[in-house]
Amino acid sequence: MTHAPMIDAVFDLDALLSAEEREWQQRARAFAQERILPVIEADFEAKHFRLELVKQLGDAGFLGMHLQGYGCAGAGAVSYGLACLELEAADSGWRTFVSVQGSLAMSAIHKYGSEEQKQQWLPGMAAGDLVGCFALTEPQGGSDPAAMTTTARRDGDGWVLDGAKRWIGLASLADVAVVWAKIDDPSFGGGDGGRAVRGFLVPTSAAGFTATPIDGKLSMRASVQCDVSLDGVRVAGDAILPGARGLSGPFECLNEARFGIVWGAMGAARACLEAAISRSTSREVFGKPIGANQLIQAKLADMFVEVEKGILLALHLGRLKERGALTAAQISVGKLNSVREALAIAHEARAILAGDGITNEWPVMRHAANLESVRTYEGTDEIHQLILGRALTGLNAF
């Protein structure tokens with residue numbers, strides 16, 4: 001079931017894309033339709049992460065695809081965004097995997113790592129042979145990373161890390177964790193009296209590193225998020241990321257992931273719209289398809305307008321990013337709008353599908369559940385509203 005060609009025909013997005021961008025989109029759409037969609041409902045029901053797809057994503061070039069060198073594809077920002085859109089049209093969990101691997105873990109190493117660190121980790125991660133995670137969020141401070149309690153202290157020639165992280169995607173499957181911790185060492189600190197946030201590359205095989213998958217999730221059930229415990233984890237002195245000092249390091253990586261969400265959420269929205277169109281033309285009530293009713297057509301039209309507006313906004317942000325002109329506030333506009341509108345579209349599509357909309361015969365409830373997670377991670381609605389409010393007024397309300 002797909003109405004993407006019909007939707008594309010009404011609004012000719014292809015006319016705004018290069019041949020390379022269209023090729024990346026079609027490659028991602030084919031991957032989603034052939035590898036993810038046939039199994040995703042069963043995986044969601046069984047809470048199963050299909051690990052074999054990781055290598056296949058690497059072979060297709062999607063992991064760290066926006067990065068240059070080290071086995072990465074070096075694709076443009078719009079190409080990456082279109083891939084996120086198509087993957088999330090299948091399931092948010094798989095776009096999330098690509099974001100965690102490429103936009104968070106790989107980007108942190110690519111932006112802030114030493115040449116030795118890049119050579120050690122990035123080629124294997126790009127190929128899907130190695131998995132990374134990004135350990136920033138803590139149990140008590142999701143929206144306030146400055147309050148983190150995880151620490152790293154010098155011990156001889158190395159470092160010892162202690163603390164806890166929560167909602168860390170892929171942690172139980174990862175080979176390396178990018179762990180953000182506070183240190184108290186003037187020679188490694190920032191401008192706050194020596195106590196600063198720094199990133200560390202921690203092999204997950206290190207003694208004292210424990211990752212426990214979080215159970216009981218009603219969202220993102222086909223992906224893995226974990227509690228992480230760091231109990232006297234010892235790493236070498238050169239495990240620190242030399243180029244990241246203070247919270248600007250993780251925030252830059254979060255903005256990379258947020259950019260992917262701007263596109264990805266519109267993929268989930270498009271999938272819900274496609275389901276609503278399909279059902280409105282096949283279900284008959286009072287002797288005619290429900291899609292022949294004015295109220296249903298009005299709902300479909302409104303949903304379509306929001307999908308296209310969201311994609312056009314994402315495209316604008318992508319072009320800005322490719323010029324090096326994209327700001328954090330602009331990313332917040334996109335993340336806030338895309339996820340908020342995608343959820344509204346999912347809810348409207350569920351209503352059009354009536355009772356069938358709550359079954360896994362249709363993807364709508366799965367997308368709606370997943371989008372609740374997407375709405376929360378990489379900055380809640382409220383965080384992005386405050387970012388925009390500060391940009392508009394010059395006043396900090398955090």
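Look a little higher up for the structure.
Residues numbered from 1 in each chain as written. Predicted model: local features only at pLDDT ≥ 70, side-chain atom pairs only at ≥ 80, totals over all residues. Heavy atoms only, no water.

### With respect to the packing of helix 7 (residues 248-282) against helix 9 (residues 328-353)
Using the following cut-off: All axes here are fitted lines through C-alpha atoms, helices being fitted over the stretch that makes contact, and every angle between N-to-C directions spans 0 to 180 degrees. Numbering of helices and strands runs from the N terminus; a helix is a DSSP stretch of H or I covering at least four residues, while a strand is a stretch of E covering at least two. Angle categories are assigned with fixed cut-offs, so that under 35 degrees is roughly parallel, over 145 is roughly antiparallel, 65 to 115 is roughly perpendicular, and the rest are oblique. Handedness of a helix crossing follows the sense of rotation of the near helix relative to the far helix, less than a right angle counterclockwise being left-handed and clockwise being right-handed. Residues are grouped as follows: nonpolar covers Ala, Val, Leu, Ile, Met, Phe, Trp, Tyr, Cys and Pro; charged covers Asp, Glu, Lys and Arg; every other residue, Gly included, is treated as polar.
Orientation of helix 7 relative to helix 9, taken along the N-to-C sense of each, is 20°, at an axis distance of 8 Å. Taken as axis vectors, helix 7 and helix 9 run roughly parallel relative to one another. The element helix 7 and its partner helix 9 pack so that their crossing is left-handed. In terms of residue class, the contact of helix 7 with helix 9 is built from 19 nonpolar, three polar and four charged.

### Regarding the state of the cysteines
Heads up, the condition is: Pairs of cysteine sulfur atoms within 2.5 Å are what we label disulfides.
Scanning the entire structure with this criterion turns up zero disulfides. Counting only cysteine sulfurs, C84 is the nearest neighbor of C272, a cysteine outside any disulfide, at a range of 17 Å.

### A word on the packing of helix 4 (residues 77-90) against helix 5 (residues 92-112)
Formally: In this description, contact between two residues means that some pair of their heavy atoms is separated by no more than 4.5 Å.
Where helix 4 contacts helix 5, the axes come no closer than 7 Å and their chain directions differ by 145°. Within the contact between the two elements, helix 4 uses Y80, C84, L87 and E88 and helix 5 uses S92, R95, V98, S99 and S103. Its residues assigned to classes, the contact of helix 4 with helix 5 comprises four nonpolar, three polar and two charged.

### Quick word on the pairing of strand 4 (residues 176-184)
Note the threshold: Classification of residues uses two cut-offs on accessible area relative to the type maximum, computed with a 1.4 Å probe and protein chains only: under 20% is buried, over 50% is exposed, and between them is partly exposed. Two strands qualify as a pair provided that DSSP identifies no fewer than 2 bridges between them.
The element strand 4 is largely enclosed, with a buried count of eight among its nine residues. Two strands pair when backbone bridges link them, and strand 1 (residues 132-135) and strand 4 are joined in this way by four bridges, in the parallel orientation. Residue pairing in the sheet places A135 in a bridge with V179 of strand 4. Of the pairings in the sheet, the one linking strand 2 (residues 151-155) to strand 4 comprises two bridges and is parallel in character. Considered in strand 4, the bridge of T151 is made with K182.

### Topic: the nonpolar core
Stated precisely, the cut-off is as follows: Nine residue types can take part in a nonpolar core, namely buried Ala, Val, Leu, Ile, Met, Phe, Trp, Tyr and Cys, and a core is a set of them joined through side-chain atoms within 4.5 Å.
Counting residues in each nonpolar core, the largest one holds 120 residues, and the members touching the most others are F97 and W180. Of all the elements, helix 7 adds the most residues to this core, at 16 residues. With near-sequence residues (within four places) excluded, F97 lies in contact with F49, V54, L57, L63, V131 and L170.

### Concerning helix 5
Defined as follows: Fitting axes to the seven residues that end at a residue and to the seven that start at it, the angle between those axes gives the bend at that residue. Under the rule applied, a polar contact is a pair of N or O atoms within 3.5 Å (in protein, one hydrogen donor and one hydrogen acceptor; residues adjacent in sequence only if both atoms are side-chain atoms).
Of all the bends in helix 5, the largest measures some 35° and sits at M106. Counting buried residues in helix 5 gives 20 out of 21 residues, a clear majority hidden from the surface. At the N-terminal boundary of helix 5, the capping side chain belongs to D91, with an oxygen 2.9 Å from the backbone nitrogen of G93.

### Topic: the environment of H110
Structurally, H110 is set in helix 5. Placed 42 residues apart in sequence, H110 and Q68 show a C-alpha to C-alpha distance of 8.7 Å. Discounting chain neighbours no more than four positions away, the residues touching H110 are L67, Q68, Y70, K118 and L122.

### Things to note about the pattern of salt bridges
Put simply, the rule reads: We define a salt bridge as a contact between a side-chain nitrogen of Lys or Arg and a carboxyl oxygen of Asp or Glu at a distance within 4 Å.
Within the structure shown, the criterion is met by 23 salt bridges. Residue D215 pairs with K47 through a salt bridge whose shortest N-O separation is 2.9 Å. You can see D215 sitting in the loop between strand 6 (209-213) and strand 7 (225-235) and its partner K47 sitting in the loop between helix 2 (19-46) and helix 3 (52-59), a full 168 residues away along the chain. A residue is classified by how much of its surface remains accessible, and K47, at 43% relative accessible area, is partly exposed. Several salt bridges share partner residues, and in doing so they unite R29, E86, R270 and E274 into one network.

### Brief notes about the packing of aromatic side chains
Basically, it comes down to this: Ring pairs shown here join Phe, Tyr and Trp side chains whose ring centres sit within 6.5 Å, with only the six-membered ring taken for Trp; geometry is labelled stacked below 30 degrees between planes, edge-to-face above 60, and tilted in between.
For the structure on display, the rule yields seven aromatic pairs. For the ring pair F49 and W94, a centre distance of 4.8 Å and an interplane angle of 20° mean the geometry is stacked. Remark: W94 occurs in helix 5 and F49 occurs in the loop between helix 2 and helix 3; sequence separation between them is 45 residues. Its relative accessible area of 10% is what places F49 among the buried residues. Given a relative accessible area of 3%, W94 falls into the buried group. Among the aromatic side chains, those forming a connected cluster through ring pairs are W24, F31 and F62.

### Observations concerning the side chain of R95
Locating R95 in the fold gives a position in helix 5. Judged by its relative accessible area of 1%, R95 is buried. If we ignore the near neighbours within four places in the chain, the residues touching R95 are C84, L87, E88, G260, I261, G264, V374 and Y377.

### Quick word on unusual backbone geometry
Most peptide bonds take the trans configuration, and most residues that are not glycine carry a negative phi. Look at L170: it is not a glycine, yet its phi comes out positive at around 75°. You can see L170 is positioned in the loop between strand 3 (158-169) and strand 4. Positive phi values are uncommon outside glycine, yet A354 reaches one of about 55°. Mapping A354 onto the fold places it in the loop between helix 9 and helix 10 (364-376).

### Some remarks on the environment of L57
Looking at where L57 falls in the secondary structure, it is placed in helix 3. Taking the C-alpha atoms as reference points, L57 and V197, separated by 140 residues in sequence, lie 32 Å from one another. If sequence neighbours within four positions are ignored, L57 has contacts with F31, F62, L63, L87, W94, F97 and V98.

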